[in-house]
Amino acid sequence: ALSRRTRASDLVTRDAEGRFHVLLADVDPHDAARMAARLAAALADVAAGHAAGHAAGAARVGTALFPGDGGDADALLRAAERALAAAAPVLPGARG
């Protein structure tokens, strides 16, 4: 679902805890926020499809931008984790 919504130059990974990480190359803050909203909506829709008959799925997205939020991968991941903790869930059917 995520790979179809990103560009060929972007990188989509999933960590051992089941969280997705998307590295967007050459984006400005506005475009990054717009892409984050689209990806969260896509994840929420997929989660809702898997939860048929159960509680609806939701997704949260935390973003971090280089170099303002961190100068290396570890710092950027920590900043994204902080943003994720503060993010409101995106419910199925939301459009970014």
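Description of the structure in this document. (Residues numbered from 1 in each chain as written. Predicted model: local features only at pLDDT ≥ 70, side-chain atom pairs only at ≥ 80, totals over all residues. Heavy atoms only, no water.)

**Quick look at the overall build of the protein**
Next up, step 1: Helix and strand counts for the protein come out as two helices and two strands.
Next up, step 2: The buried share of the protein, reckoned over its 96 residues, is 21%.
Next up, step 3: When the accessible surface of the protein is totalled, it reaches about 6,300 Å², and 56% of it is carbon and sulfur. (Helix = DSSP H or I, 4+ residues; strand = E, 2+ residues; numbered from the N terminus. Buried < 20%, exposed > 50% of the residue type's maximum accessible area, 1.4 Å probe, protein only. Areas by Shrake-Rupley, 256 points an atom, 1.4 Å probe, with all protein chains shown as cover.)

**What to know about the pairing of strand S2 (residues 20-23)**
Next up, step 1: In this sheet, S2 lies alongside strand S1 (residues 11-14) in antiparallel orientation, the contact comprising four bridges. When the sheet's bridge partners are listed, Thr13 is paired in S2 with His21.
Next up, step 2: Here S1 hands over to S2 after five residues, with Gly18 in that stretch at a positive phi of 85°. (Pairing = 2+ DSSP bridges.)

**Considerations on the environment of Met35**
Next up, step 1: Within the secondary structure layout, Met35 lies in helix H1 (residues 29-50).
Next up, step 2: Along the sequence, Met35 and Arg5 sit 30 residues apart, while their C-alpha atoms lie 8.6 Å from each other.
Next up, step 3: Here Met35 is in contact with Arg5, Thr6, Asp10 and Leu24, once residues within four sequence places are set aside. (Contact = heavy atoms within 4.5 Å.)

**Quick look at helix H2 (residues 73-86)**
Next up, step 1: In a regular helix each residue adds 1.5 Å, so 14 residues correspond to 20 Å; H2 covers 20 Å between its end C-alpha atoms and thus fits that length.
Next up, step 2: Buried within H2 are the following residues: Ala75, Leu76, Ala79, Ala80 and Leu84.
Next up, step 3: Here H2 starts with a cap whose side-chain oxygen sits 3.2 Å from the backbone nitrogen of Asp74, and that cap is Asp72. (Expected span 1.5 Å × (residues − 1). Polar contact = N/O pair within 3.5 Å; in protein donor to acceptor, adjacent residues only side chain to side chain.)

**A few points about the pattern of salt bridges**
Side-chain pairs of opposite charge can arise whenever the charged atoms involved come near each other.
Next up, step 1: Under the definition given, this model contains five salt bridges.
Next up, step 2: Of the charged contacts in the structure, one is a salt bridge between Arg19 and Glu17, with a shortest N-O distance of 3.4 Å.
Next up, step 3: Using a relative accessible area of 63% as the deciding quantity, one classes Glu17 as exposed.
Next up, step 4: For Glu81, the salt bridge goes to Arg19, with nearest N and O atoms at 2.8 Å. (Salt bridge = Lys/Arg side-chain N within 4 Å of Asp/Glu carboxyl O.)

**Some thoughts on the environment of Phe20**
Next up, step 1: Tracing the backbone through its elements, the reader meets Phe20 in strand S2.
Next up, step 2: Spatially, the C-alpha atom of Phe20 lies 9.7 Å from that of Leu43, the residues being 23 residues apart in sequence.
Next up, step 3: Once you skip the residues sitting within four places of it in the chain, Phe20 turns out to touch Leu2, Val12, Thr13, Arg14 and Leu43.

**A short note on the environment of Arg7**
Next up, step 1: Mapping Arg7 onto the fold places it in the segment before S1.
Next up, step 2: For the pair formed by Arg7 and Leu24, sequence separation is 17 residues and the distance between their alpha carbons is 8.3 Å.
Next up, step 3: For Arg7, the side chain forms a polar contact with the side chain of Asp10, separated by 2.7 Å.

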